[in-house]
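Coordinates in review
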Amino acid sequence: DTAVSQTPKYLVTQMGNDKSIKCEQNLGHDTMYWYKQDSKKFLKIMFSYNNKELIINETVPNRFSPKSPDKAHLNLHINSLELGDSAVYFCASSQAAGGSEKLFFGSGTQLSVL
Amino acid sequence: SQQGEEDPQALSIQEGENATMNCSYKTSINNLQWYRQNSGRGLVHLILIRSNEREKHSGRLRVTLDTSKKSSSLLITASRAADTASYFCATGHSGNTPLVFGKGTRLSVIA
């Protein structure tokens, strides 16, 4: 069983569209994250949720809206997609919040905005 | 910025050789972690070293941490073609601050 799974793996869409990426973890972890990896492989935190509550929002545009229906799921909805949104988006989880935790990553969603 | 910086950006070695990657950071930390990313995959945790530790081993991996120089190194001994990947350091801080990742070192091990 995959510990952190995200779908879809590839997403190709036109500018202006709205799309969602789903993430689920079966590790029983309390904390989930969305990271964005750009074309230079730089990995940047976007959001962090702990027990369904938003705890970190790193100056991400309002077009990005995370939703956590329960602590095993963290979805990412993106409105009005722009060319600059093209990147690989990674979901991750950890047992608890905080910088001492080990992260478990999903395999990524490669988003291409045309 | 709290971001770590890996050095070198890319490294190419022959199978059997040792690979050393370095990470420098700017602010105080409570731990530093190393992750591996194979092409097209997510990151996988390799090792965590706490700020009060100087060296840690895990199989063929050896990590050192020098908090006075704000730097860490990852040594992979007797490298294999399967070690080909990007390696990232990530700094852990107090409170709810999530891990902050560096830009990674691309390691190529040639058989």
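First, a word on what this report is: a plain description of the structure on this page. (Residues numbered from 1 in each chain as written. Chains lettered and ligands numbered in written order. Predicted model: local features only at pLDDT ≥ 70, side-chain atom pairs only at ≥ 80, totals over all residues. Heavy atoms only, no water.)

Attention now moves to the overall build of chain A. Each helix and strand counted, chain A has zero helices and 11 strands in total. The order of α-helices and β-strands along chain A, N terminus first, is β-β-β-β-β-β-β-β-β-β-β. Summarising the internal contacts of chain A: among those between residues at least 6 apart in sequence, 55% fall at separations of at least 24. Working note: accessible area of chain A is about 5500 Å², and carbon and sulfur atoms make up 48% of it. In chain A, the 12 positive side-chain charges and the 11 negative ones have mean positions that sit 5 Å from each other. (Helix = DSSP H or I, 4+ residues; strand = E, 2+ residues; numbered from the N terminus. Contact = heavy atoms within 4.5 Å. Areas by Shrake-Rupley, 256 points an atom, 1.4 Å probe, with all protein chains shown as cover. Lys, Arg positive; Asp, Glu negative; His and termini not counted. Charge placed at Lys NZ, Arg CZ, Asp CG, Glu CD.)

Both the distance between ring centres and the angle between the ring planes are used here to describe each pair of aromatic rings. Counted according to the given criterion, the structure contains eight aromatic pairs over all chains. Seen in terms of ring centroids, Phe105 of chain A and Phe101 of chain B are 5.9 Å apart; in terms of plane orientation they differ by 80°. Their pairing is edge-to-face. One end of the pair, Phe105 of chain A, is in strand β10 (residues 104-105); the other, Phe101 of chain B, is in strand β10 (residues 100-101), on a second chain. Following the ring pairs from residue to residue traces out a cluster consisting of Tyr33, Tyr35, Phe90 and Phe105 of chain A together with Tyr35 and Phe101 of chain B. Positioned over the ring face of Tyr10 of chain A is Lys9 of chain A, at 5.8 Å from the centre of the ring. (Phe/Tyr/Trp six-rings, centres within 6.5 Å; stacked < 30°, edge-to-face > 60°. Lys NZ or Arg CZ within 6 Å of the ring centre and 35° of its normal.)

Our focus in this paragraph is the sheet that holds strand β3 (residues 19-25) of chain A. All names here are of chain A. The four strands are arranged β1-β3-β8-β7 in an open sheet whose pairing can be described as antiparallel. The open sheet has two edge strands with one neighbour each: β1 (4-7) and β7 (64-70). Here the average twist between neighbouring strands, direction ignored, is 15°. Here β3 runs beside strand β8 (residues 73-78); their pairing, made up of four bridges, is antiparallel. Within β8, the residue paired with Glu24 across the bridge is His73. (Pairing = 2+ DSSP bridges. Axes fitted to C-alpha atoms, helices over the stretch in contact; angles between N-to-C directions.)

A few words now on the interface of chain A and chain B. Counting from both sides, the interface comprises 22 residues of chain A and, opposite them, 22 residues of chain B. On the surface where chain A and chain B come into contact, there are zero salt bridges. Applying the counting criterion to the chain A and chain B interface returns eight residue pairs in polar contact (both at pLDDT 80 or more). Among the elements of the structure, β4 (31-37), β5 (43-50) and β6 (53-57) of chain A are those that each provide at least two residues to the side of chain A that touches chain B. Broken down by element, the side of chain A that touches chain B gets its largest block of residues, three residues, from β4 of chain A. Taken together, the residues that form the side of chain A that touches chain B break down as 11 nonpolar, six polar and five charged. (Salt bridge = Lys/Arg side-chain N within 4 Å of Asp/Glu carboxyl O. Polar contact = N/O pair within 3.5 Å; in protein donor to acceptor, adjacent residues only side chain to side chain. Nonpolar A, V, L, I, M, F, W, Y, C, P; charged D, E, K, R; others polar.)

So, about the pairing of β1 of chain A. Along a regular strand, successive side chains alternate from one face of the sheet to the other. Residues and elements named next belong to chain A. Of the two faces of β1, only one is covered, namely that formed by Val4 and Gln6; the face formed by Ser5 and Thr7 stays uncovered. One ladder, built from four bridges, connects β1 with β3; its direction is antiparallel. Across the sheet, the residue bridging to Val4 is Gln25, located in β3. (Buried < 20%, exposed > 50% of the residue type's maximum accessible area, 1.4 Å probe, protein only.)

Here the focus is the state of the cysteines. All names here are of chain B. With the rule as written, the count across this model stands at two disulfides over all chains. Note on cysteine connectivity: Cys23 is disulfide-linked to Cys89, with sulfurs 2.0 Å apart. A torsion of 65° about the S-S bond marks the disulfide between Cys23 and Cys89 as right-handed. Of this pair, Cys23 sits in strand β3 (residues 19-24) while Cys89 sits in strand β9 (residues 85-92), and the two are 66 residues apart along the sequence. (Disulfide = S-S within 2.5 Å.)

Take the pattern of salt bridges next. Two side chains of opposite charge can pair, provided their charged atoms sit close to one another. Residue and element names in this part refer to chain A. In total, this model carries six salt bridges over all chains according to the counting rule given. As a salt-bridge pair, Glu82 and Arg63 come within 3.4 Å of each other at their nearest N and O atoms. Of this pair, Glu82 sits in the loop between β8 and β9 (87-94) while Arg63 sits in the loop between β6 and β7, and the two are 19 residues apart along the sequence. Exposure remark for Glu82: the relative accessible area of 40% places this residue in the partly exposed category. It is possible to trace a salt-bridge network through shared partners that takes in Arg63, Glu82 and Asp85.

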